[in-house]
Amino acid sequence: MSTQNFPRNKPLISITHNILYVIVFLFTNTTLAAQHSTQAVHNATHQSDEYIFWNENMLRIAQQGTQPDWVDFLPEATLQPHTLFVDHAIAFGLGTNDAMHLVRTEDDVIEHKHYLFQQYHKGYEVYGAQYRVHTNEVQRVYSANGTIIRNLNNQAVPSLSEGQALAAAMKAHGAPVYRWQIVKQKSAEEQDNINYVYDAGQEMRDAFPHGDLVWVHPVQANRDPRGYQLAWRFDLYVPGGVEDMRLFIDAMTGEVIKSVPLSHSCFVGNGNTTWHGFRFINTSASLFAGYFLRDECNVSATGIVHTKNRNLTFTASEYFDDDNNWNDGGTISTVKQVGISTQWAGKATLNYFYGVHNRRGHTGQAGMGTGLDLSEFHNNVIIGGTRNNACYCGGNFVFGPGDSDALSTDDWNTLDIVAHEVTHGVISYSSDLEYSYESGALNESFADIFGVAVEQWMDGSYDYGTWAMGEDRGPAIRDISDPNVHNHPDTYLGFYWYFGAFDNGGVHTNSGVMNHWFYLLSQGGSGSNNNGTDYEVQGIGIEKARAIAYRNMTVYMTVHSQYLDAREGAIRAANDLYGSCSEEALATAEAWRAVGVGPLHPLYWRQICADITTSLFGSAYIGIESVTAGGFCTTTVNPSSYNTFFRAGKYVDLKTGFTALAGSNFTAQISDCAVAYYREPNPAYTEPQGEINDPLASIGQVSQLSLYPNPATSSTLLELTGAEESPYQVSLFDLTGRRHWMENSQTASGNVLQHSIPLGGVPAGIYVVQLEQNGHMYSERLVVLDQ
């Protein structure tokens, strides 16, 4: 076996004619952060003042492969979440007039903590510019994602007062009456009444609206700083709900820059929960009229659940029963059945979010003394002029009566519809996805996903057979398993994709893409999408799929998240929950590819045939499972002051025909399938491919470590040629990185180092033997057979 000497403190890799295995922590060369030649130039900045993502400051903290909106930090970088954007403002392109303010901090079920920051410029909020910072169980900042608007320098002195802007907003909105105009001062007697409940959210909606000065762009998710205008933002609430609107009024001209609906309507059809049979509910006692539909049981987990009857008016009244047996005489009135159906479905949904996702009420703050722990459900409401609708309106969950007042089976309060609307509430308090275009489609899709998830969870059978919305009352209006049935797309920008402005940019239509992603991830499937891309997804089950979707929705999404962000966040969520390079993470990526979001090829393996000469920041050759060089062709890494990097999740295979010349700064690494592997190539970066060489070119080989026998049963002998006379350490790892055996030796004598490795009790499988001596690392694959 030929050998090649390497300088001290340079990581070595073992090369055989089979497979090279390299444990991820063998390589600690921090200069690798510079090797990814993304050179992401923010396409919306002034040409004279471009922001270069791979600036000198970012190189010190970011991992190779990371991108501007999804930053992965170096493990050795010492970062503090509260001061990240102060200590590294230049790295993120923040100017002297910019600041990142902490909005809130959230813990999750795997002991990670997530910090949500909002960008401010010249003291005013930049609408939609949010960044999430993530720390792991040992409080290390490992990643961050979001949007920063750079190079803002527009006029920041408003011409309009708050009152003038409100008058312009009301004129533009055009509602005949607003909630604060009809609210009556509650008397002391009313407040003393047991039926009076203080609701901070209700008080906010009934109060005279307060305007906030913000920077806003008229086009969602646009990052051109020249397009941002200073605006007064008002939330206007209207009795009846669906006309609730957020308006941005130009602080200079009084014109409407943009408007965003605050009500989340689903338009899913007619139905009720009669199909779920007899159910027990929790109520509250009234001093005057028996019992009413207010559930204060287990408030710390689900919050208060309260159902009222609007009776086709603006005023909500209680459902009452004198003895808490709502089936009086063995029958139940239509009015009472409507109330019980909604009350049961609302509590069931909140039980799901607590029992499955550990979320306390739709606000996430139930039982924490905030006052935001009431989920109020209203039946028999005319919504936007129609009886056939349901929505999350003005902070309440609102359901239409259907076409007939006499039939309880005609109401819009089936379990999946109720769960859909509650999910809109969850989104409002977590990611706050703007209800228009792609972010609105994601908002609707998450609501559909958990409408289905709650229904199947309550049924107790995950082969329940229905993946539709509103199917209890007859023909469904959306189908997650096959969106095309209802003329909704199952492929991003594919057939049935809606490109217009109606329905807030097609939020109820284009939601079909992520809906179908969730079905494929849960159940699996194969075929060819509208792009002609063949796919085969191995389903992971609805339990894991819903966990990934929930974590994505509440941890990674922000106001203006788009479909590519949903894909990135979902893969990160899968990595967090089930491990990088896990089958769940791979299935998540493949399901996104199946619906047309993500790269056209999955990069499970990569064959490299090239003369590689790196420049600028270097280059990375990445495969999810493997990277192979040489073999039927030649691969030569030429000398360069920049880094050439091979990385794969399972193995790097350097075959005969691979040469890394002296001074090439070549490094290989087994990784944990980081998210970057699934990410679309940055359009500003073209990876150097080189030329395909003559397959008979010279062979370069650098392995000095061998094992005899291999495969082995009871023991194997490690042999290293060219060893130094110094202490060394030998370890045996499995492919998850867990150490099974380790032994230290004081010194090695002679040119050949030999060390016996006992294998008694080691399960059959594939392992990696690692030898460390004087800063050099060597590794070799070992196959252990049954003893």
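Residues numbered from 1 in each chain as written. Predicted model: local features only at pLDDT ≥ 70, side-chain atom pairs only at ≥ 80, totals over all residues. Heavy atoms only, no water.

Here we look at the overall build of the chain
Put simply, the rule is: Helix numbering and strand numbering both begin at the N terminus, where a helix is a DSSP run of H or I of at least 4 residues and a strand a DSSP run of E of at least 2. The buried label applies to any residue whose accessible area, calculated with a 1.4 Å probe on protein chains only, is under 20% of its type's maximum; exposed applies above 50%, and partly exposed to all values in between. The contact definition used throughout considers only heavy atoms, calling two residues in contact when any of these lie within 4.5 Å.
Within the chain one finds 15 helices and 39 strands. Split into buried and exposed, the 787 residues of the chain put 58% on the buried side. Contacts in the chain between residues far apart in sequence, at least 24 positions, make up 64% of those at least 6 positions apart.

A closer look at the packing of aromatic side chains
This is how it is decided: For this analysis, a ring pair means two rings from Phe, Tyr or Trp (six-membered ring only for Trp) whose centres lie within 6.5 Å, classed as stacked if their planes differ by under 30 degrees, edge-to-face if by over 60, and tilted for the remaining angles. For a Lys NZ or an Arg CZ to count as sitting over a ring, it must be within 6 Å of the ring centre and within 35 degrees of the ring normal.
All chains considered together, the criterion is met by 33 aromatic pairs. Each ring, one from Y492 and one from W497, has its centre 5.1 Å from the other, and the planes form 75°; the classification is edge-to-face. In this pair, the class of Y492 matches that of W497, namely buried. One aromatic cluster in this structure is built from W467, Y492, W497, F499, W517, F518, Y519, Y563 and W592. Sitting over the ring of Y578, K544 keeps its end group 5.5 Å from the ring centre.

Some remarks on the packing of helix 10 (residues 437-459) against helix 12 (residues 512-523)
Applicable threshold: Axis definition: a line fit to C-alpha positions, over the contact stretch in the case of helices; interaxial angles, taken between N-to-C directions, run 0 to 180 degrees. Each crossing is labelled by how the near helix is turned from the far one, with a counterclockwise turn of less than a right angle marking it left-handed and a clockwise turn marking it right-handed.
It is at 8 Å that the axes of helix 10 and helix 12 come closest, and there the two elements cross at 35°. In terms of crossing hand, the pair formed by helix 10 and helix 12 is right-handed. Of the residues in helix 12, those touching helix 10 at L442, S445, F446, D448 and I449 are M514, N515 and F518.

Side note on the side chain of H516
We count it as follows: Here a polar contact is taken to be a pair of N or O atoms separated by no more than 3.5 Å, where protein atoms must pair a possible hydrogen donor with a possible acceptor and residues adjacent in sequence count only if both atoms sit in side chains.
Tracing the backbone through its elements, the reader meets H516 in helix 12. Within polar-contact distance, the side chain of H516 engages the backbone oxygen of I480 at 3.3 Å. Sequence-distant contacts of H516, defined by excluding residues within four places in its chain, comprise I480, S481, D482, P483, D490 and V595.

A look at the nonpolar core
Threshold: Residue types Ala, Val, Leu, Ile, Met, Phe, Trp, Tyr and Cys, when buried and joined through side-chain atoms within 4.5 Å, form a set referred to as a nonpolar core.
In terms of nonpolar packing, the biggest core is built from 67 residues, with F446, F450, M514, W517, Y563 and W592 touching the most fellow members. The next biggest cluster of nonpolar side chains, apart from the first, holds 24 residues, and it includes F53, I61, F73 and F92.

Let's talk about the side chain of N136
Structurally, the position occupied by N136 is in the loop between strand 4 (124-135) and strand 5 (141-146). Within the structure, N136 has its side chain in polar contact with the backbone nitrogen of V138 (distance 3.0 Å). One polar contact links the side chain of N136 to the main-chain amide nitrogen of R140, over a distance of 2.9 Å. Beyond its immediate stretch of four places on either side in the chain, N136 contacts E111, H112 and Y142.

A short note on unusual backbone geometry
The linkage connecting Y708 with the following residue, P709, adopts the cis geometry, with an omega of -10°. Inspection of the secondary structure assignment puts P709 in the loop between strand 33 (705-708) and strand 34 (715-721). Of note, the amide linkage connecting N710 to P711 takes the cis form, showing an omega dihedral of 10°. Of note in the backbone geometry, K122 takes a positive phi value of approximately 55° without being a glycine. In this fold, K122 is placed in the loop between strand 3 (113-121) and strand 4. Look at K122 and you get partly exposed, because its relative accessible area is 31%.

Digging into the confidence of the model for the chain
Definition in use: One number per residue, pLDDT, summarises how confident the predictor is, and it ranges from 0 to 100.
This prediction gives the chain a mean pLDDT of 80; 78% of its residues lie at or above 70. Here residues 185-198 scores under 50 on pLDDT; set against residues more than four positions off or in separate chains, the count is 13 contacts. With pLDDT under 50 throughout, residues 267-272 is counted as low confidence; its partners more than four residues away or in other chains account for 36 contacts.

Observations concerning the state of the cysteines
Covalent bonding between the sulfur atoms of two cysteines is what defines a disulfide. Defined as follows: By convention in this document, the label disulfide applies to cysteine sulfur atom pairs within 2.5 Å.
Per the stated rule, a full pass over the model turns up two disulfides. A sulfur-sulfur distance of 1.5 Å marks the disulfide that ties C391 to C393. Looking down the S-S bond of the C391 and C393 bridge, the torsion is -120°, so its handedness is left-handed. In this pair, the class of C391 matches that of C393, namely buried. Note that C609 is cross-linked by a disulfide to C633, the S-S spacing being 2.0 Å. Judged by the sign of its S-S torsion, about -75°, the bond between C609 and C633 is left-handed. Taken together, the positions of C609 in the loop between strand 24 (605-608) and strand 25 (611-612) and C633 in the loop between strand 27 (626-629) and strand 28 (635-637) put the pair 24 residues apart, joining distant regions of the chain. Taking relative accessible area as the criterion, C633 reaches 3% and is therefore assigned buried.

A short note on the sheet that holds strand 32 (residues 666-670)
Here is the rule: We treat two strands as partners when DSSP finds at least two bridges between them.
If you trace the three strands from one edge of the open sheet to the other, you get 26-29-32, paired in parallel fashion. Looking at which strands have only one partner, the edges of the open sheet turn out to be strand 26 (619-623) and strand 32. Across the sheet, the axes of successive neighbouring strands diverge by a mean angle of 15°, strand direction being ignored. Sheet topology note: the strand 29 (residues 644-648)/strand 32 ladder contains five bridges and is parallel. Along strand 32, the bridge assignment pairs F645 with T667.

Some words on the sheet that holds strand 34
The strand order across the open sheet built from three strands is 33-34-37, with neighbouring strands paired in antiparallel fashion. Among the strands making up the open sheet, the edge pair consists of strand 33 and strand 37 (752-758). Between one strand axis and the next, the sheet turns by 20° as a mean value, whatever way the strands run. With four bridges connecting them, strand 33 and strand 34 associate as antiparallel partners.

Re the packing of helix 8 (residues 334-357) against helix 10
Heads up, the condition is: Just so you know how the angles are binned, under 35 degrees is roughly parallel, over 145 roughly antiparallel, 65 to 115 roughly perpendicular, and the rest oblique.
Between helix 8 and helix 10, the shortest axis-to-axis distance is 10 Å and the interhelical angle comes to 90°. By the angle between their directions, the pair helix 8 and helix 10 is classed as roughly perpendicular. Two secondary-structure elements touch here, helix 8 through W344, A348, T349, N351, Y352, F353, V356 and H357 and helix 10 through F450, A453, V454, W457 and M458.

Observations concerning the pattern of salt bridges
Stated formally: In the sections that follow, a salt bridge refers to a side-chain nitrogen of Lys or Arg positioned within 4 Å of a carboxyl oxygen of Asp or Glu.
Tallying each qualifying case throughout the model produces 22 salt bridges. Where E376 meets K308, a salt bridge forms, and the shortest distance between an N and an O atom there is 3.8 Å. Within this pair, whereas E376 is found in strand 17 (residues 374-379), its partner K308 is found in strand 14 (residues 304-309), the two being separated by 68 residues in sequence. Exposure class is identical for E376 and K308. Each is buried. In this structure, the salt-bridge partner of D448 is R478, at a minimum N-O distance of 2.6 Å. A residue pair is termed long-range when its members are at least 10 positions apart, and D448 in helix 10 and R478 in strand 21 (residues 478-479) qualify at 30 residues.

Some remarks on helix 10
Worth spelling out the cut-off: The span one expects for a helix is its residue count, reduced by one, times 1.5 Å.
Taking 1.5 Å of rise per residue, 23 residues should cover 33 Å, and helix 10 covers 33 Å from first to last C-alpha, within 8% of that figure. Counting buried positions along helix 10 gives 19 out of 23 residues, so the element sits mostly inside the fold.

With respect to the environment of N97
Mapped onto the fold, N97 is located in the loop between helix 2 (84-87) and strand 2 (98-107). By relative accessible area, which is 39% here, N97 ends up partly exposed. Setting aside chain neighbours within four positions, we find N97 in contact with Y120, H121 and K122.

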